[in-house]
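Descriptive structure summary
Below, each chain spelled out in residue letters.
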Amino acid sequence: PPGTCDNIILPILRKSYRQREFDENSIKLSHSYERVMPGESYLDSLINYWRVYSANTDLAATECESFLSAIINVKDYPLTRVASLRASEAAKVLENSYRAANIAFINEWTRYAEDIGFDLYEVIDAIRIRPTHSNIRAPGLGVGGYCLPKDPLFAPVSITSFYRDGCDDFPFSRLAIETNRNMPQHSVDRLKALFQEPLAEKKILVCGVSYRQNVGDTRNSPSELLVRCLEAESACLDLHDPFVRYWDE
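Okay, so let's go over this structure. (Residues numbered from 1 in each chain as written. Predicted model: local features only at pLDDT ≥ 70, side-chain atom pairs only at ≥ 80, totals over all residues. Heavy atoms only, no water.)

1. Remarks on the layout of surface pockets
One water molecule sets the probe size; rolling that probe over the atoms shows where empty space is left. To keep it simple, the criterion reads: For each structure, a 1 Å grid was placed over the protein atoms alone; sets of points admitting a 1.4 Å probe that cannot get out are labelled cavities, open sets with protein on both sides within 12 Å along at least five of seven lines are labelled pockets, and lining residues have an atom within 4 Å of a point. Grid points are joined across faces, edges and corners, and a volume is the space filled by probe spheres set on the points. For the purposes of this entry, the term helix denotes a DSSP run of H or I that reaches at least four residues, the term strand denotes a run of E that reaches at least two, and both are numbered from the N terminus.
Its volume calculated, the largest pocket comes out at about 810 Å³. Met37, Arg99, Arg137, Leu148 and Arg212 are, among the 29 residues lining the largest pocket, the residues nearest its centre. It is helix α4 (residues 85-116) that contributes the most residues to the lining of the largest pocket, 6 residues altogether.

Laid out in structure tokens, this is it:
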């Protein structure tokens, strides 16, 4: 949550410095959040992508920039320094909250398209021709992984934990989380409507267990929610994912 560096990490470092009789003003703390795409392009996405950073002092920022520049292709993907540690922290949370909200928005329209009867993929492709709308999301089962299912809640957590005099409502972020979490159950309800009968004893193949293509990472996968919903309906399930040998969850 934004404010963690200032309110949690720096005080711990200062206390440790005082205990060791070091100058606590010499602490150099920087923050640069991950921008990485798991899978076959993992390393490339580390090297050839823009990064945001900040630090508690100018010296720390200079050393952080030097470190990142040794790893990242800053010639083609220049670094962006923001004014404070909490700004860098907030950038990560806002990025993922924006993505989660966009996905939730399309999930809402998925149900609408099904209700009145049109091909939402066709409509989205038609809209994407317009350059200002080229990044509109496509329908899906929901969201998974280690970022989007939780990051939109970091801002309200930040307020209640560190800045109690602020607004802690965040209705869009909370609704995005709820909407995306409900999509697997909606998919099950859609199946029941298509069959026009219960799913008990129906044989169902679920293709894809991990939260995204070409990785074996199953953390917070919407497929887990889908499987649990189908199991509650007493469906007979087969699961297939060439990247997952054992499903921890």
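2. Some points on the side chain of Asp151
Where we set the bar: Any pair of residues with heavy atoms lying within 4.5 Å of one another is described as a contacting pair.
With respect to the helices, strands and loops of the structure, Asp151 is situated in the loop between α5 (120-128) and α6 (154-162). Discounting chain neighbours no more than four positions away, the residues touching Asp151 are Lys92, Val93, Asn96, Ser97 and Tyr146.

3. Some remarks on the sheet that holds strand β1 (residues 30-31)
Rules: Two strands pair if DSSP finds at least two bridges between them. Axis definition: a line fitted to C-alpha atoms, over the contacting stretch in the case of helices. Angles run 0 to 180 degrees between N-to-C directions.
Strand order across the open sheet formed by 3 strands is β1-β2-β3, with mixed pairing between neighbours. With partners counted over all chains shown, the strands left at the sheet margins are β1 and β3 (80-81), one partner each. Here strand β2 (residues 52-55) runs beside β3; their pairing, made up of 2 bridges, is parallel. Residue pairing in the sheet places Val52 in a bridge with Thr80 of β3. The strands that helix α3 (residues 58-69) touches are β1, β2 and β3; relative to β2, the one it contacts most, it runs at about 150°. Contacts between α4 and the sheet are confined to β1 and β2, with β2 contributing the most and set at about 155° to the helix.

4. Let's talk about the environment of Lys192
As a reminder of what qualifies: Residue burial is assigned from relative accessible area. The probe radius is 1.4 Å, only protein chains are included, and a residue is buried under 20% of its type maximum, exposed over 50%, and partly exposed in between.
Residue position: Lys192 is located in helix α7 (residues 171-195). For Lys192, a relative accessible area of 29% corresponds to the partly exposed category.

5. Here's the deal with the pairing of strand β5 (residues 236-240)
Of the strand pairs in this sheet, strand β4 (residues 203-207) and β5 are connected by 5 bridges, and their pairing is parallel. Its bridge partner being in β5, Lys203 is matched across the sheet by Cys236.

6. Observations regarding the environment of Asn135
For Asn135, the position within the fold is in the loop between α5 and α6. Owing to a relative accessible area of 46%, Asn135 belongs among the partly exposed residues under this scheme. Between the alpha carbons of Asn135 and Asn102 there is a distance of 9.7 Å; along the sequence they are 33 residues apart.

7. Overview of the environment of Tyr146
By secondary structure assignment, the location of Tyr146 is in the loop between α5 and α6. As for Tyr146 and Glu114, which are separated by 32 residues in sequence, their C-alpha atoms are 29 Å apart. Not counting residues within four places of it along the chain, the set of residues in contact with Tyr146 comprises Glu34, Val36, Pro38, Asp151, Tyr211, Asp217, Arg219 and Asn220.

8. Topic: the packing of α7 against helix α8 (residues 222-232)
What counts here: Should an angle lie under 35 degrees it is considered roughly parallel, over 145 roughly antiparallel, and from 65 to 115 roughly perpendicular; all remaining angles are considered oblique. Left-handed is the label given to a crossing in which the near helix is rotated counterclockwise from the far helix by less than a right angle, and right-handed is the label when the rotation is clockwise.
The contact between α7 and α8 brings their axes to 8 Å, and the two run at 45°. Classified by the angle their axes make, α7 and α8 are oblique. In terms of crossing hand, the pair formed by α7 and α8 is right-handed. In contact with Arg181, Pro184, Gln185, Ser187, Val188 and Leu191 of α7, α8 contributes Pro222, Leu225, Leu226, Cys229 and Leu230.

9. Focus on α6
We apply this condition: Think of the arc as the fan of directions from the helix axis to the C-beta atoms.
Three or more residues of α6 are buried, namely Ala155, Pro156, Ser158 and Ile159. With its buried residues spanning 155° around the axis, α6 presents them on a single face. Its buried side turned inward, α6 meets α4 and α7.

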